[in-house]
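Listed here are the chains, written in short residue letters.
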Amino acid sequence: MQYLVVIALITVVYFFFIKKRPITNTTSKKSTQKKTKPQSNDMVECSTCGIYCEVDDSILSNGKYYCSSECLDEAV
Ligand SMILES: [Zn+2]
């Protein structure tokens, strides 16, 4: 019976240390990824019509954002 208690203790300690490490690793990785990753869904205002659209969908020209190529043509 002492056998089983020792094995149980070892597994408990083993899992305790193994579980502890990945959690701290993933949380630190996630927090750094959030900080370093640019905000892709940031909203920017169209310089022509004033509509807010996502940075990914907008057109950047001369430091100004435009919601569509039509607004870009109007600005130029
Ligand atoms: Zn526009």
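Residues numbered from 1 in each chain as written. Predicted model: local features only at pLDDT ≥ 70, side-chain atom pairs only at ≥ 80, totals over all residues.

**A word on the overall build of the chain**
Okay, so step 1: Secondary structure assignment for the chain yields 2 helices and 4 strands.
Okay, so step 2: Going from N to C terminus, the chain has its helices and strands arranged as α-β-β-β-β-α.
Okay, so step 3: Considering the chain as a whole, with its 76 residues, one finds that 8% of them fall into the buried category. (Helix = DSSP H or I, 4+ residues; strand = E, 2+ residues; numbered from the N terminus. Buried ≥ 20, exposed ≤ 12 C-beta atoms within 10 Å, placed from the backbone.)

**So, the nonpolar core**
Okay, so step 1: Membership of the largest hydrophobic core is limited to 5 residues, which are Tyr65, Tyr66, Cys67, Cys71 and Leu72.
Okay, so step 2: When residues of this core are traced back to their parent elements, those giving at least two are strand E4 (64-66) and helix H2 (69-75).
Okay, so step 3: Residues in contact with leucine 72, not counting those within four places in the same chain, are Ile59, Ser61 and Tyr66. (Core = buried A, V, L, I, M, F, W, Y, C linked by C-beta atoms within 7 Å. Contact = placed C-beta atoms within 7 Å.)

**Let's talk about unusual backbone geometry**
Okay, so step 1: Of note, the phi angle at asparagine 62 is positive, near 55 degrees, even though the residue is not glycine.
Okay, so step 2: Note that asparagine 62 resides in the loop between strand E3 (59-61) and E4.
Okay, so step 3: By C-beta crowding, asparagine 62 is classed as exposed, having 9 other C-beta atoms within 10 Å.

**Quick word on the environment of tyrosine 52**
Okay, so step 1: For tyrosine 52, the position within the fold is in strand E2 (residues 52-54).
Okay, so step 2: A C-alpha to C-alpha distance of 7.5 Å links tyrosine 52 and cysteine 67, two positions 15 residues apart in sequence.
Okay, so step 3: Filtering out sequence-adjacent residues up to four positions away, tyrosine 52 remains in contact with Met43, Val44 and Glu45.

**Comments concerning the environment of aspartate 57**
Okay, so step 1: Examined against the element boundaries, aspartate 57 turns out to sit in the loop between E2 and E3.
Okay, so step 2: The spacing of aspartate 57 and serine 68 is 11 residues in sequence and 8.2 Å in space, taken between C-alpha atoms.

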